[in-house]
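# Understanding the architecture of this molecule
So the chains spell out like this:
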Amino acid sequence: MTKKILVPVDLSDEHNINSVMEAAMEQWRTSKDPELILMTVVPQMMAGLDWRYAIRGETGGSEEWDVKKVLAASVEHLQEIAAEKIPDGVSFKTIARHGAVYEEVLEVAEELQVDQIVLGAHRPGATDFLLGTNTAKIVRHAKCSVTVVRG
């Protein structure tokens, strides 16, 4: 029985968020009231990239950024997504982490002992076949079931 569903989302990809949340809610409906854990990972930033732009998926700017502010803004964005996409009465929590996407997702999945991960995937580019995407690494190394949703 599925008790916890981890839903990592890329805040910069609105279309993918919609697809992933639809799939997560479908998984939720097929289980007996599991907890949804909505998550995002703020990747490590290059110097000179303004975090306010990075959260919206844009580049530019030069303001120094504070990881705590970025994570707080990310949690706020996740709360907005949850308010829009998760029906009333559905138990959920939000988590924002900072680091390598696949490492953070796998770490949270193990820490919280989730039963299912529902995540999105972008269409693979040529380098993805050689290097592997975050999604591919999560699928290979997760200790629970993983549902991959193509955007």
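Heads up: these notes are all about the structure in this document. The residue numbering used here restarts from 1 in each chain and proceeds along that chain's sequence as written. Only residues with pLDDT of at least 70 get local features here, since the model is predicted, and only at 80 or more are side-chain atom pairs given and counted; chain-wide, interface and lining totals rely on the full set of residues. The basis for every side-chain value is the complete set of heavy atoms in the structure, and neither hydrogens nor water enter the calculation.

## A closer look at the packing of helix α4 (residues 101–111) against helix α6 (residues 134–141)
- It is the contact of α4 with α6, at a shortest axis distance of 9 Å, that shows an interaxial angle of 35°. Judged by the sense of rotation from one axis to the other, the crossing of α4 with α6 is right-handed. When α4 is examined against α6, the residues Val-101, Tyr-102, Val-105 and Leu-106 are found in contact with a partner set consisting of Asn-134, Lys-137, Ile-138 and His-141.
- Along the lines of polarity and charge, the residues of the contact of α4 with α6 split into five nonpolar, two polar and one charged. Only the stretch in contact is used when a helix axis is fitted, and all axes are lines through C-alpha atoms; the angle between N-to-C directions ranges over 0 to 180 degrees. Secondary structure elements are taken from DSSP: a helix is a run of H or I of four residues or more, a strand is a run of E of two residues or more, and numbering for both begins at the N terminus. Each crossing gets its handedness from the near helix: less than a right angle anticlockwise from the far helix is left-handed, clockwise is right-handed. A contact between two residues is defined here by any heavy atoms of the two lying within 4.5 Å. Amino acid classes used here: Ala, Val, Leu, Ile, Met, Phe, Trp, Tyr, Cys and Pro are nonpolar; Asp, Glu, Lys and Arg are charged; the rest, including Gly, are polar.

## Observations regarding the sheet that holds strand β4 (residues 116–121)
- Spatial ordering of the open sheet is given by β3-β2-β1-β4-β5, a layout of five strands whose pairing is parallel. One side of each edge strand has no neighbouring strand; the edge strands of this open sheet are β3 (92–98) and β5 (145–150). Here the strands of the sheet are splayed against their neighbours by 20° on average, with no regard to which way each runs.
- Here, a strand pair is defined by DSSP locating no fewer than two bridges between the strands. Direction of pairing for strand β2 (residues 35–42) relative to β3: parallel, over a ladder of seven bridges. Within the sheet, the bridge partner assigned to Ile-37 lies in β3 and is Lys-93.
- Its contacts with the sheet put α6 on β4 and β5, and the angle it makes with β4 is roughly 160°.

## Let's talk about the pattern of salt bridges
- In the sections that follow, a salt bridge refers to a side-chain nitrogen of Lys or Arg positioned within 4 Å of a carboxyl oxygen of Asp or Glu. Overall, the coordinates contain six salt bridges when judged by the stated rule.
- The partner of Glu-110 in a salt bridge is Lys-143, and the shortest N-O contact between them spans 3.4 Å. One end of the pair, Glu-110, is in helix α4; the other, Lys-143, is in the loop between α6 and β5, and 33 residues separate them in sequence.
- For every residue, the accessible area obtained with a 1.4 Å probe (protein chains only) is divided by the maximum for its type, and the residue is called buried under 20%, exposed over 50%, and partly exposed between those limits. Residue classification places Lys-143 among the exposed residues on the basis of a relative accessible area of 73%.

So, to be careful, I would describe these as geometric facts and stop short of saying anything about function.
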